[in-house]
Amino acid sequence: MSLPSSDQEKHQLSIAENTDIHHEQIKQQFGLDLADIAAHAPSLRGRKLTAAVAFVAGTGFTLFGYDQGVMSSLLTGNQFEASFPEVIVEPSHPDHATLQSFTIAIYEVGCLFGALSNLWVGDKLGRRRTIVVGGGIMIVGAILQTSAFSFVHLIFARIFTGYGNGLITSTVPTYHAELSPSAKRGRMIMMEGTLIVVGVTIAFFVNWSSAQWRVPIALQLVFEIIMVTCIGFLPESPRWLVKRGRNAEAMAVISAMEDKPPTDSEVQRTYHGIREAVAVETSSQGSLRELTTGGRSQNFRRTVIAVVFMMMQQLTGINLVTLWTIVFQRLGLSDVNARIASAANGTEYVLASIAAYYAIDYIGRRQLMLFGATGQCIVMLLLAILGYINNTPAQIVSVVLLFGFNTFFAFGWLGLAWLYCAEIAGLRTRAPTNALSTASNWTFNFVVVMVVGPAFNNISWRTYIVFAALNAAIVPVVYFFFPETGGRSLEDLDVVFALAYITGEDPVKVSLRKDVPLAGSREADEILGVSPGVQYQSSEKPPTPSSSPGKARIPV
């Protein structure tokens, strides 16, 4: 039933007055125009935007896993060995074991240089353009690998492809974290870890087929083209936009992420928190030297945590296990049975990582890290004992234990490494910190892959003892030095570190407190020692308290 004409006029007048009030509020509080915000609104909002970002980020990490897994399982194929005899390990050529490891590991060298180059290009290009550049380089690299007819050609192509992957892996987690609501961020980025394994598993299934080795390598082009094409339809990170002074566009993206109007208190709080973070870091020098600063920002501590985390992820021994086909052959399986076991192991790995996806936002980051490292240490000790026994029953149990190692790693260190490093850094140093942490990952990835083959040839089962000791050492490092990041926005963590600095408390203990003010509140501004140039507005209704750590809502 329609309203009488007089009532309709009053209703329309009321809407117009509310719009004018909101317009003035936004303009007065943030210096933004609602029409300008609306002009920059993304075409996707809410769940659709979150799903689209997850799809593109997931494609990038599926590509990462596929490109890593495809070569390790091709090495033992007859067709590949016929094309590149340098990788055939035989008594007459014992040095070929090193060349075999080198063929896999040289890819990590390219990734290392790609990640390091992000120190300079990441913030200049922005998150989206960096991913597009990295994807374009990988497309060219995939074509070069597919067309390789000599060992030197293959090695160059793998370095070139790795460079592009280094750009992607040091950018995608940051981009995904910055475009995810804090309540969903853990699950969204943990899914990237699952998709790494999906990529590796696809590589093993493809390589187990009768296809020529060039076909599996060329298949990565599908992922690369999808990623580069689809990211053109997504918005830029609101954090990067604020850093560049594109505030109306940033507000529009935040509004789309939350699927709420710009006048909503939570949208304004998120935007205010980002402006707050920019205000903190604008006062410091704008160079890579910021990574070494302390004070309220604690940039040096946060950078070291991220770099050490990625180092520890590789020192768990996951790449010993990821070289599944080779490891299973060392346990006495035939070439065909080793490939079957590799494919089954990959499938189980995917299932375990999916379970971790559901656990991350309920259990917390630290608990999962500790659980994973402890389980991995126990598995490595058991593998060493069974390797010493070295009979058929022991080999069968060892195969089962490799499945167990993957389960512990999936829960504690697979997707969590990429999530945690994207969370722990401040806004201004997030791109260079992720570049360094990713470079650390690729450096120790290279070291482990290069060492594993010769280590098994020289010390055999004792290799497992080395990795058991490394996993044992990880436990106290995580417990004493790694703060909890779950349940907080990216800007809330700035408040955690600043509060720890001011009070002289351990950041780990502060991160476990539930009374830390939220970013964007007056109390947080006082802790951070900044005035972000935003006028505070009292809310009509106080925000709803949350049970997550650090989510005690403080009215602004």
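Small disclaimer: the values here were computed from a predicted structure and weren't measured.

1. Some points on the overall build of the protein chain
Regarding its fold elements, the protein chain presents 26 helices and 0 strands. Looking at the 556 residues of the protein chain, the share that counts as buried comes to 56%. When contacts within the protein chain are restricted to residue pairs at least 6 apart in sequence, those whose partners lie at least 24 apart make up 81%.

2. Some points on the packing of helix 15 (residues 299-315) against helix 22 (residues 430-459)
In the contact formed by helix 15 and helix 22, the axes pass within 8 Å of each other and the chain directions differ by 25 degrees. Taken together, helix 15 and helix 22 sit at an angle that is classed as roughly parallel. When the axes of helix 15 and helix 22 are compared, the crossing they make is right-handed. For the pair helix 15 and helix 22, the contacting residues are R302, T303, A306, V307, M310, M311, Q313, Q314 and L315 in the first and T433, L436, S437, S440, N441, F444, N445 and V448 in the second. Residue composition of the contact of helix 15 with helix 22, grouped by class: 8 nonpolar, 8 polar and 1 charged.

3. Overview of the pattern of salt bridges
Scanning the entire structure with this criterion turns up 13 salt bridges. Note that R430 is salt-bridged to E178, the shortest N-O span being 2.8 Å. Taken together, the residues span a long stretch of sequence, with R430 in helix 22 and E178 in helix 8 (residues 172-178) at a distance of 252 residues. An identical accessibility class is assigned to R430 and E178; each is buried. Where R239 meets E491, a salt bridge forms, and the shortest distance between an N and an O atom there is 2.8 Å.

4. Re the packing of aromatic side chains
Under the counting rule described, the total for this entry stands at 19 aromatic pairs. Summarising the aromatic geometry, the rings of F371 and F408 are spaced 5.3 Å apart at their centres and angled 55 degrees between planes, so their arrangement reads as tilted. Pair noted here: F371 is in helix 19 (residues 365-389) and F408 is in helix 20 (residues 392-412), with a separation of 37 residues, a long-range link. Ring pairs connect the aromatic residues F61, F64, Y107, W418 and W442, which therefore count as one cluster. In this arrangement the basic side chain of R187 is found over the ring face of Y357, its NZ or CZ atom lying 5.7 Å from the centre. The ring of F149 carries R214 above its face, with NZ or CZ at 4.2 Å from the centroid.

5. Remarks on helix 22
For helix 22, with 30 residues, the first-to-last C-alpha span of 41 Å sits near the 44 Å given by 1.5 Å per residue. Taken as a whole, helix 22 carries its principal kink of about 30 degrees at V452; the proline P454 stands between one and four residues after it.

6. Re the nonpolar core
In terms of nonpolar packing, the biggest core is built from 122 residues, with F80, F309 and W413 touching the most fellow members. Ranked by residues supplied to this core, first place goes to helix 3 (residues 46-74) with 12 residues. If near-sequence neighbours (up to four positions away) are discounted, F80 is found in contact with M71, L74, L75, V87, L154 and W213. One finds A498, A519, A524 and I527 within the second-largest nonpolar core, a separate group that totals 12 residues.

7. Section: the packing of helix 22 against helix 23 (residues 462-481)
Taken N-terminus to C-terminus, the directions of helix 22 and helix 23 make an angle of 135 degrees; their axes are 8 Å apart at the nearest point. Taken together, the axes of helix 22 and helix 23 lie oblique to each other. Residues V448, V452, A455, F456 and I459 of helix 22 form the contact with helix 23, whose participating residues are R462, T463, Y464 and F467. Grouping the amino acids of the contact of helix 22 with helix 23 by side-chain chemistry returns 7 nonpolar, 1 polar and 1 charged.

8. Brief notes about the environment of R45
Positionally, R45 belongs in the loop between helix 2 (34-39) and helix 3. When its relative accessible area of 31% is taken as the criterion, R45 is described as partly exposed. As for R45 and A256, which are separated by 211 residues in sequence, their C-alpha atoms are 4.5 Å apart. Here R45 is in contact with S255, A256, D259 and K260, once residues within four sequence places are set aside.

9. Topic: the confidence of the model for the protein chain
Predicted confidence across the protein chain gives a mean pLDDT of 82, with 83% of residues reaching 70 or more. Summarising per-element confidence for the protein chain, the mean pLDDT is lowest in helix 1 (residues 5-30) (54) and highest in helix 23 (95). This model gives residues 10-18 a pLDDT under 50, and the stretch forms 1 contact once residues within four places in sequence are excluded.

10. Let's talk about unusual backbone geometry
Phi angles above zero are rare outside glycine, and Q298 is one such case at about 50 degrees. In this structure, Q298 sits in the loop between helix 14 (265-282) and helix 15. Phi is positive for S460, which is not a glycine, with a value near 55 degrees. Among the structural elements, S460 can be located in the loop between helix 22 and helix 23.

What counts as what
Residues numbered from 1 in each chain as written. Predicted model: local features only at pLDDT ≥ 70, side-chain atom pairs only at ≥ 80, totals over all residues. Heavy atoms only, no water. Helix = DSSP H or I, 4+ residues; strand = E, 2+ residues; numbered from the N terminus. Buried < 20%, exposed > 50% of the residue type's maximum accessible area, 1.4 Å probe, protein only. Contact = heavy atoms within 4.5 Å. Axes fitted to C-alpha atoms, helices over the stretch in contact; angles between N-to-C directions. Parallel < 35°, antiparallel > 145°, perpendicular 65-115°, else oblique. Left-handed = near helix turned anticlockwise from the far one by under 90°. Nonpolar A, V, L, I, M, F, W, Y, C, P; charged D, E, K, R; others polar. Salt bridge = Lys/Arg side-chain N within 4 Å of Asp/Glu carboxyl O. Phe/Tyr/Trp six-rings, centres within 6.5 Å; stacked < 30°, edge-to-face > 60°. Lys NZ or Arg CZ within 6 Å of the ring centre and 35° of its normal. Expected span 1.5 Å × (residues − 1). Bend = angle between axes of the 7 residues up to and from the residue. Core = buried A, V, L, I, M, F, W, Y, C linked by side-chain atoms within 4.5 Å. pLDDT = per-residue confidence, 0-100.

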